[in-house]
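# Chains, contacts and geometry: an overview
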Amino acid sequence: MRKGFITNRLRSSRKSIENSIESKMETLQGERFVWVDLQNPDRNDVEKLAEKYNFNALNIEDCMTKFELPKLDSYDDHFFVILHFPPLSQKVGISKNSQLSIFLGKNFLVTVHQGDLKPLVELVKMCKTGSDQQRKNRLLGKSSGILLHEIIDVLVDDLLHTSRKIIANLDEIEDRVFDETKPVARSIALFRREINRLRRIANLLKKFILEIPKNIKRFSEGEDEELTLYFDDVIDHIDKVIETLEESREIMEIYKDTDFVLSTEKTNKVLAVLTIIFTLAIPSTVIGTFYGMNVSLPGGIGDNSMVLGPFTTFIVIILASAIPAILMFVYFKKLGWISS
(Lines give C-alpha, C1' and ligand atoms only; values in the text may rest on other atoms or scores of the structure.)
Protein backbone atom coordinates (compact mmCIF):
# COMPACT_ATOMS: atom_id res chain seq x y z
CA MET A 1 0.00 0.00 0.00
CA ARG A 2 1.48 3.36 -0.99
CA LYS A 3 1.81 6.31 1.30
CA GLY A 4 -1.32 8.41 1.24
CA PHE A 5 -3.50 5.58 -0.05
CA ILE A 6 -6.57 6.77 1.84
CA THR A 7 -7.51 9.84 -0.16
CA ASN A 8 -6.54 8.11 -3.39
CA ARG A 9 -8.48 4.91 -2.71
CA LEU A 10 -11.66 6.34 -1.18
CA ARG A 11 -12.77 7.66 -4.54
CA SER A 12 -10.70 5.53 -6.86
CA SER A 13 -13.57 5.19 -9.35
CA ARG A 14 -13.86 8.93 -9.82
CA LYS A 15 -11.85 11.20 -12.08
CA SER A 16 -9.93 13.95 -10.33
CA ILE A 17 -11.05 17.53 -10.81
CA GLU A 18 -8.55 20.22 -11.68
CA ASN A 19 -7.58 22.55 -8.89
CA SER A 20 -8.29 25.57 -11.10
CA ILE A 21 -12.06 25.72 -11.69
CA GLU A 22 -13.50 28.48 -13.82
CA SER A 23 -16.31 30.67 -12.61
CA LYS A 24 -19.70 29.67 -14.03
CA MET A 25 -23.26 30.86 -13.60
CA GLU A 26 -26.03 28.68 -15.01
CA THR A 27 -29.68 29.74 -15.04
CA LEU A 28 -32.24 26.97 -15.62
CA GLN A 29 -35.90 27.85 -15.99
CA GLY A 30 -38.41 25.43 -14.54
CA GLU A 31 -42.19 25.48 -14.89
CA ARG A 32 -42.80 27.26 -11.60
CA PHE A 33 -39.35 28.39 -10.48
CA VAL A 34 -35.84 29.27 -11.66
CA TRP A 35 -32.66 27.48 -10.63
CA VAL A 36 -29.47 29.53 -10.55
CA ASP A 37 -26.23 27.59 -9.98
CA LEU A 38 -23.01 29.49 -9.28
CA GLN A 39 -19.77 27.55 -9.52
CA ASN A 40 -16.68 29.25 -8.08
CA PRO A 41 -18.81 32.42 -8.00
CA ASP A 42 -17.87 35.97 -8.80
CA ARG A 43 -18.92 38.48 -6.14
CA ASN A 44 -20.70 40.71 -8.65
CA ASP A 45 -22.94 37.86 -9.78
CA VAL A 46 -23.84 36.99 -6.19
CA GLU A 47 -24.58 40.61 -5.33
CA LYS A 48 -26.88 40.95 -8.36
CA LEU A 49 -28.84 37.90 -7.19
CA ALA A 50 -28.91 39.28 -3.66
CA GLU A 51 -30.44 42.50 -4.92
CA LYS A 52 -32.96 40.64 -7.08
CA TYR A 53 -34.15 38.21 -4.40
CA ASN A 54 -33.50 40.35 -1.31
CA PHE A 55 -30.83 38.15 0.28
CA ASN A 56 -29.27 39.10 3.61
CA ALA A 57 -25.81 40.70 3.28
CA LEU A 58 -24.38 38.42 5.99
CA ASN A 59 -25.56 35.36 4.07
CA ILE A 60 -23.79 36.69 0.98
CA GLU A 61 -20.55 36.94 2.93
CA ASP A 62 -21.06 33.42 4.26
CA CYS A 63 -21.56 31.86 0.84
CA MET A 64 -18.55 33.72 -0.60
CA THR A 65 -16.35 32.31 2.16
CA LYS A 66 -14.84 28.99 1.08
CA PHE A 67 -15.28 27.52 4.55
CA GLU A 68 -18.09 28.51 6.87
CA LEU A 69 -19.69 26.44 9.62
CA PRO A 70 -23.00 24.77 8.64
CA LYS A 71 -25.96 26.97 9.43
CA LEU A 72 -29.61 27.59 8.59
CA ASP A 73 -31.27 31.02 8.57
CA SER A 74 -34.98 31.37 7.90
CA TYR A 75 -36.68 34.52 6.51
CA ASP A 76 -40.22 35.41 5.47
CA ASP A 77 -39.78 34.75 1.76
CA HIS A 78 -36.84 32.30 1.70
CA PHE A 79 -34.33 30.41 3.81
CA PHE A 80 -30.54 30.07 3.62
CA VAL A 81 -28.57 26.94 4.51
CA ILE A 82 -24.91 25.93 4.35
CA LEU A 83 -24.09 22.21 4.10
CA HIS A 84 -20.74 20.43 3.99
CA PHE A 85 -19.81 17.42 1.89
CA PRO A 86 -16.51 15.61 1.29
CA PRO A 87 -14.87 16.74 -1.97
CA LEU A 88 -14.05 14.32 -4.77
CA SER A 89 -10.47 15.57 -5.10
CA GLN A 90 -8.01 16.74 -2.50
CA LYS A 91 -4.30 16.73 -1.87
CA VAL A 92 -2.91 13.67 -0.14
CA GLY A 93 -2.86 14.11 3.62
CA ILE A 94 -4.91 17.32 3.56
CA SER A 95 -8.49 17.04 4.74
CA LYS A 96 -11.08 19.64 3.81
CA ASN A 97 -14.80 19.93 3.23
CA SER A 98 -16.72 21.21 0.22
CA GLN A 99 -19.29 23.85 1.04
CA LEU A 100 -22.70 24.13 -0.58
CA SER A 101 -24.69 27.31 0.07
CA ILE A 102 -28.41 27.27 -0.77
CA PHE A 103 -31.04 30.00 -1.03
CA LEU A 104 -34.55 28.64 -1.50
CA GLY A 105 -37.81 30.50 -2.02
CA LYS A 106 -41.15 29.68 -3.59
CA ASN A 107 -40.09 30.62 -7.13
CA PHE A 108 -36.29 30.28 -7.01
CA LEU A 109 -33.42 28.05 -5.94
CA VAL A 110 -29.85 29.40 -5.81
CA THR A 111 -26.92 27.06 -5.20
CA VAL A 112 -23.40 28.39 -4.60
CA HIS A 113 -20.34 26.12 -4.51
CA GLN A 114 -16.71 25.90 -5.62
CA GLY A 115 -17.30 23.34 -8.36
CA ASP A 116 -15.70 20.38 -6.58
CA LEU A 117 -19.01 18.63 -5.92
CA LYS A 118 -19.08 16.53 -9.08
CA PRO A 119 -22.60 15.03 -8.63
CA LEU A 120 -24.04 18.55 -8.47
CA VAL A 121 -21.96 19.72 -11.44
CA GLU A 122 -23.19 16.74 -13.47
CA LEU A 123 -26.79 17.41 -12.43
CA VAL A 124 -26.53 21.00 -13.69
CA LYS A 125 -24.96 19.79 -16.93
CA MET A 126 -27.72 17.22 -17.42
CA CYS A 127 -30.46 19.83 -16.96
CA LYS A 128 -28.68 22.28 -19.27
CA THR A 129 -28.03 19.83 -22.12
CA GLY A 130 -31.21 17.79 -21.69
CA SER A 131 -29.26 14.53 -21.96
CA ASP A 132 -31.92 12.88 -19.77
CA GLN A 133 -35.09 14.73 -20.72
CA GLN A 134 -37.37 12.65 -18.52
CA ARG A 135 -35.31 13.32 -15.42
CA LYS A 136 -34.95 16.98 -16.34
CA ASN A 137 -38.73 17.36 -16.61
CA ARG A 138 -39.17 15.64 -13.27
CA LEU A 139 -36.69 17.97 -11.56
CA LEU A 140 -37.72 21.27 -13.15
CA GLY A 141 -41.40 20.50 -13.61
CA LYS A 142 -42.52 20.51 -9.98
CA SER A 143 -41.13 22.78 -7.26
CA SER A 144 -37.87 24.17 -5.92
CA GLY A 145 -38.25 21.90 -2.88
CA ILE A 146 -38.33 18.75 -5.03
CA LEU A 147 -35.22 19.93 -6.88
CA LEU A 148 -33.42 20.68 -3.61
CA HIS A 149 -34.21 17.16 -2.43
CA GLU A 150 -32.69 15.72 -5.62
CA ILE A 151 -29.51 17.79 -5.18
CA ILE A 152 -29.07 16.72 -1.57
CA ASP A 153 -29.96 13.13 -2.44
CA VAL A 154 -27.23 12.74 -5.10
CA LEU A 155 -24.66 14.29 -2.77
CA VAL A 156 -25.69 12.02 0.12
CA ASP A 157 -25.52 9.02 -2.23
CA ASP A 158 -21.95 10.00 -3.04
CA LEU A 159 -21.23 10.23 0.69
CA LEU A 160 -22.69 6.72 1.05
CA HIS A 161 -20.42 5.57 -1.76
CA THR A 162 -17.44 7.05 0.08
CA SER A 163 -18.35 5.25 3.31
CA ARG A 164 -18.49 1.96 1.42
CA LYS A 165 -15.03 2.66 0.05
CA ILE A 166 -13.83 2.97 3.64
CA ILE A 167 -15.07 -0.55 4.37
CA ALA A 168 -13.07 -1.78 1.37
CA ASN A 169 -9.95 -0.09 2.74
CA LEU A 170 -10.35 -1.77 6.13
CA ASP A 171 -9.37 -5.15 4.68
CA GLU A 172 -6.14 -3.69 3.33
CA ILE A 173 -5.38 -2.04 6.65
CA GLU A 174 -5.92 -5.39 8.40
CA ASP A 175 -3.42 -7.10 6.08
CA ARG A 176 -0.83 -4.43 6.82
CA VAL A 177 -1.38 -4.59 10.59
CA PHE A 178 -0.32 -8.25 10.63
CA ASP A 179 2.53 -7.77 8.16
CA GLU A 180 5.64 -7.02 10.22
CA THR A 181 7.60 -5.88 7.15
CA LYS A 182 5.37 -2.85 6.47
CA PRO A 183 4.85 0.16 8.77
CA VAL A 184 1.18 0.93 9.29
CA ALA A 185 0.95 3.43 12.18
CA ARG A 186 0.80 6.49 9.89
CA SER A 187 -1.80 4.88 7.63
CA ILE A 188 -3.98 4.10 10.66
CA ALA A 189 -3.67 7.67 11.92
CA LEU A 190 -4.63 9.13 8.51
CA PHE A 191 -7.52 6.71 8.16
CA ARG A 192 -8.84 7.52 11.63
CA ARG A 193 -8.70 11.24 10.79
CA GLU A 194 -10.61 10.62 7.55
CA ILE A 195 -13.29 8.63 9.37
CA ASN A 196 -13.69 11.26 12.09
CA ARG A 197 -13.97 14.01 9.47
CA LEU A 198 -16.71 12.12 7.64
CA ARG A 199 -18.51 11.46 10.93
CA ARG A 200 -18.58 15.19 11.67
CA ILE A 201 -19.92 15.90 8.19
CA ALA A 202 -22.60 13.21 8.39
CA ASN A 203 -23.82 14.13 11.89
CA LEU A 204 -24.15 17.85 11.06
CA LEU A 205 -25.72 17.01 7.72
CA LYS A 206 -28.42 14.96 9.40
CA LYS A 207 -29.14 17.75 11.86
CA PHE A 208 -29.73 20.37 9.16
CA ILE A 209 -31.54 18.11 6.69
CA LEU A 210 -34.07 17.35 9.41
CA GLU A 211 -34.80 21.10 9.52
CA ILE A 212 -34.91 21.72 5.76
CA PRO A 213 -38.35 20.07 5.07
CA LYS A 214 -39.93 22.20 7.80
CA ASN A 215 -38.75 25.34 6.01
CA ILE A 216 -39.66 24.08 2.54
CA LYS A 217 -43.25 23.47 3.64
CA ARG A 218 -43.74 27.22 3.90
CA PHE A 219 -43.20 27.54 0.15
CA SER A 220 -44.68 24.25 -1.10
CA GLU A 221 -48.16 23.76 -2.47
CA GLY A 222 -49.75 20.48 -1.49
CA GLU A 223 -46.43 18.59 -1.53
CA ASP A 224 -45.84 18.40 2.22
CA GLU A 225 -46.36 14.65 2.53
CA GLU A 226 -44.34 13.87 -0.61
CA LEU A 227 -41.42 16.04 0.49
CA THR A 228 -41.43 14.50 3.95
CA LEU A 229 -41.18 11.01 2.45
CA TYR A 230 -38.39 12.10 0.11
CA PHE A 231 -36.31 13.63 2.87
CA ASP A 232 -36.99 10.69 5.18
CA ASP A 233 -35.30 8.53 2.56
CA VAL A 234 -32.28 10.88 2.58
CA ILE A 235 -32.12 10.67 6.37
CA ASP A 236 -32.13 6.85 6.11
CA HIS A 237 -29.10 7.03 3.83
CA ILE A 238 -27.31 9.36 6.22
CA ASP A 239 -28.08 6.99 9.08
CA LYS A 240 -26.46 4.19 7.05
CA VAL A 241 -23.41 6.39 6.52
CA ILE A 242 -23.18 7.18 10.23
CA GLU A 243 -23.63 3.51 11.14
CA THR A 244 -20.88 2.50 8.69
CA LEU A 245 -18.53 5.17 10.00
CA GLU A 246 -19.18 4.22 13.63
CA GLU A 247 -18.42 0.59 12.82
CA SER A 248 -15.29 1.61 10.91
CA ARG A 249 -14.15 3.79 13.80
CA GLU A 250 -14.48 0.89 16.24
CA ILE A 251 -12.59 -1.42 13.88
CA MET A 252 -9.83 1.15 13.47
CA GLU A 253 -9.51 1.43 17.25
CA ILE A 254 -9.02 -2.35 17.36
CA TYR A 255 -6.42 -2.14 14.59
CA LYS A 256 -4.65 0.68 16.39
CA ASP A 257 -4.44 -1.32 19.62
CA THR A 258 -3.41 -4.45 17.72
CA ASP A 259 -0.65 -2.57 15.90
CA PHE A 260 0.56 -1.13 19.22
CA VAL A 261 0.66 -4.57 20.84
CA LEU A 262 2.43 -6.15 17.88
CA SER A 263 4.91 -3.28 17.63
CA THR A 264 5.62 -3.51 21.35
CA GLU A 265 6.09 -7.27 21.07
CA LYS A 266 8.47 -6.81 18.14
CA THR A 267 10.44 -4.19 20.05
CA ASN A 268 10.63 -6.42 23.10
CA LYS A 269 11.96 -9.27 20.96
CA VAL A 270 14.68 -7.04 19.56
CA LEU A 271 15.61 -5.78 23.03
CA ALA A 272 15.60 -9.35 24.35
CA VAL A 273 18.03 -10.49 21.63
CA LEU A 274 20.32 -7.53 22.23
CA THR A 275 20.19 -8.12 25.99
CA ILE A 276 21.06 -11.82 25.58
CA ILE A 277 23.96 -10.98 23.26
CA PHE A 278 25.26 -8.43 25.75
CA THR A 279 24.84 -10.86 28.67
CA LEU A 280 26.65 -13.69 26.89
CA ALA A 281 29.51 -11.32 26.09
CA ILE A 282 30.02 -10.34 29.74
CA PRO A 283 32.45 -13.19 30.63
CA SER A 284 34.77 -12.49 27.69
CA THR A 285 34.59 -8.76 28.43
CA VAL A 286 35.56 -9.29 32.06
CA ILE A 287 38.44 -11.66 31.20
CA GLY A 288 39.70 -9.38 28.44
CA THR A 289 39.62 -6.48 30.89
CA PHE A 290 41.81 -8.36 33.40
CA TYR A 291 44.36 -9.43 30.81
CA GLY A 292 44.58 -5.95 29.42
CA MET A 293 46.11 -4.73 32.71
CA ASN A 294 49.86 -4.49 33.45
CA VAL A 295 49.71 -7.09 36.22
CA SER A 296 51.03 -10.64 36.41
CA LEU A 297 48.30 -13.21 35.82
CA PRO A 298 48.39 -16.96 35.12
CA GLY A 299 48.89 -17.44 31.40
CA GLY A 300 50.26 -13.93 30.95
CA ILE A 301 53.29 -12.85 28.91
CA GLY A 302 55.69 -13.56 31.72
CA ASP A 303 54.36 -17.05 32.35
CA ASN A 304 56.49 -19.81 30.78
CA SER A 305 53.90 -22.53 31.37
CA MET A 306 53.07 -24.05 27.98
CA VAL A 307 50.87 -27.02 28.87
CA LEU A 308 48.95 -26.84 25.55
CA GLY A 309 51.79 -25.45 23.46
CA PRO A 310 52.40 -21.83 22.39
CA PHE A 311 48.63 -21.14 22.22
CA THR A 312 47.95 -22.18 25.82
CA THR A 313 47.01 -18.66 26.94
CA PHE A 314 44.67 -18.14 23.94
CA ILE A 315 42.92 -21.48 24.48
CA VAL A 316 42.46 -20.89 28.20
CA ILE A 317 40.97 -17.44 27.63
CA ILE A 318 38.60 -18.73 24.93
CA LEU A 319 37.39 -21.55 27.19
CA ALA A 320 37.02 -19.20 30.15
CA SER A 321 34.86 -16.90 27.98
CA ALA A 322 32.85 -19.55 26.15
CA ILE A 323 31.96 -21.92 28.99
CA PRO A 324 30.10 -19.31 31.11
CA ALA A 325 28.32 -18.04 27.98
CA ILE A 326 27.23 -21.58 27.07
CA LEU A 327 26.06 -22.26 30.62
CA MET A 328 24.03 -19.01 30.63
CA PHE A 329 22.52 -19.85 27.23
CA VAL A 330 21.41 -23.28 28.46
CA TYR A 331 20.00 -21.75 31.64
CA PHE A 332 18.07 -19.04 29.70
CA LYS A 333 16.76 -21.71 27.37
CA LYS A 334 15.53 -23.77 30.31
CA LEU A 335 13.75 -20.73 31.74
CA GLY A 336 12.07 -20.15 28.39
CA TRP A 337 13.66 -16.73 27.84
CA ILE A 338 15.01 -17.91 24.46
CA SER A 339 12.41 -19.34 22.12
CA SER A 340 13.21 -22.01 19.54
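Residues numbered from 1 in each chain as written. Predicted model: local features only at pLDDT ≥ 70, side-chain atom pairs only at ≥ 80, totals over all residues. Heavy atoms only, no water.

### Some remarks on unusual backbone geometry
Of note in the backbone geometry, N40 takes a positive phi value of approximately 50° without being a glycine. In this fold, N40 is placed in the loop between β2 (34-39) and α2 (43-53). Here the phi dihedral of N54 falls at roughly 60°; this positive angle occurs in a residue that is not glycine. Tracing the backbone through its elements, the reader meets N54 in the loop between α2 and α3 (57-64). A relative accessible area of 56% places N54 in the exposed class. (Helix = DSSP H or I, 4+ residues; strand = E, 2+ residues; numbered from the N terminus. Buried < 20%, exposed > 50% of the residue type's maximum accessible area, 1.4 Å probe, protein only.)

### Some details on the environment of D157
Turning to its location among the elements, D157 is positioned in helix α6 (residues 144-177). With 77 residues separating them in the primary sequence, D157 and V234 have C-alpha atoms 8.5 Å apart. There is a polar contact of 3.1 Å between the side chain of D157 and the side chain of H237. (Polar contact = N/O pair within 3.5 Å; in protein donor to acceptor, adjacent residues only side chain to side chain.)

### Looking at the sheet that holds β2
One open sheet holds the 6 strands; their spatial order is β1-β2-β6-β5-β4-β3, and the pairing between them is mixed. Edge positions in the open sheet fall to β1 (24-29) and β3 (71-74), since each of these has one partner strand only. Within the sheet, the average angular offset between the axes of one strand and its neighbour, ignoring direction, is 10°. Its contacts with the sheet put α6 on β2, β4 (78-85), β5 (98-105) and β6 (108-113), and the angle it makes with β5 is roughly 165°. (Pairing = 2+ DSSP bridges. Axes fitted to C-alpha atoms, helices over the stretch in contact; angles between N-to-C directions. Contact = heavy atoms within 4.5 Å.)

### What to know about helix α5 (residues 133-140)
Within α5 the residues assigned to the buried category are K136, L139 and L140. Buried residues of α5 fall within an arc of 80° about the axis and therefore sit on the same side. (Arc of directions from axis to C-beta.)

### Some details on the packing of aromatic side chains
Geometrically, a pair of aromatic rings is defined through the distance of the ring centres and the angle of the planes. Under the definition given, this model contains 5 aromatic pairs. Ring geometry for F55 against F103: centres 4.0 Å apart, planes inclined by 15°, an arrangement best described as stacked. Here F55, found in the loop between α2 and α3, pairs with F103, found in strand β5; they are 48 residues apart in sequence, far enough to count as distant. The burial state of F55 is the same as that of F103; both residues are buried. Relative to F108, the ring of F55 lies with its centre 5.7 Å away and its plane at 50°, an arrangement referred to as tilted. With F55 in the loop between α2 and α3 and F108 in strand β6, the pair connects residues that are 53 residues apart, well separated along the chain. The pair formed by F55 and F108 is uniform in burial state, with each residue classed as buried. (Phe/Tyr/Trp six-rings, centres within 6.5 Å; stacked < 30°, edge-to-face > 60°.)

### Overview of a negative patch on the surface
On the surface, D157, D232, D233 and D236 cluster together into a patch of negative charge. Broken down by element, the residue count for the negative patch peaks at 3 residues, all from helix α8 (residues 224-280). When its relative accessible area of 42% is taken as the criterion, D236 is described as partly exposed. (Patch = residues over 30% accessible without salt bridge, like charges linked within 9 Å, V, L, I, M, F, W, Y side chains within 5 Å. Areas by Shrake-Rupley, 256 points an atom, 1.4 Å probe, with all protein chains shown as cover. Salt bridge = Lys/Arg side-chain N within 4 Å of Asp/Glu carboxyl O. Lys, Arg positive; Asp, Glu negative; His and termini not counted. Charge placed at Lys NZ, Arg CZ, Asp CG, Glu CD.)

### Regarding the nonpolar core
One finds W35, L83, L148, I151, I152, I209 and I212 to be the most contacted residues of the largest nonpolar core, which totals 56 residues. Listed by contribution, the elements that provide at least two residues to this core are β4, β5, α4 (118-129), α5, α6, α7 (185-216) and α8. For this core, the element with the highest residue contribution is α6, accounting for 14 residues. Those residues within four positions of W35 in sequence are excluded, and the remaining contacts are E26, T27, L28, L109, T111, L120, L123, V124, C127, L140, L147 and I151. (Core = buried A, V, L, I, M, F, W, Y, C linked by side-chain atoms within 4.5 Å.)

### Description of the pairing of β1
Strand direction decides the pairing type here: β1 and β2, joined by 6 bridges, are antiparallel. Bridge assignment links E26 to a residue of β2, and that residue is D37. Hairpin connection of β1 to β2: 4 residues between the antiparallel strands.

### A word on the pattern of salt bridges
Think of it this way: side chains of opposite charge can pair up when their charged atoms draw near. Applying the stated criterion across every chain yields a total of 16 salt bridges. In this structure, D73 and K71 form a salt bridge, with 3.1 Å as the shortest nitrogen-oxygen distance. Its relative accessible area of 22% is what places K71 among the partly exposed residues. Taken together, the shared-partner salt bridges connect R43, E47 and E61 into one network.

### What to know about the packing of α5 against α6
Helices that pack against each other are described as a pair by the angle of their axes relative to one another and the distance between those axes. With their axes 7 Å apart at the nearest point, α5 and α6 run at an angle of 120° to one another. Considering their axes alone, α5 and α6 lie oblique with respect to each other. For the pair formed by α5 and α6, the contact residues are R135, R138, L139 and L140 on the first element and I146, L147, E150 and V154 on the second. Split by residue class, the contact of α5 with α6 holds 5 nonpolar, no polar and 3 charged. (Parallel < 35°, antiparallel > 145°, perpendicular 65-115°, else oblique. Nonpolar A, V, L, I, M, F, W, Y, C, P; charged D, E, K, R; others polar.)

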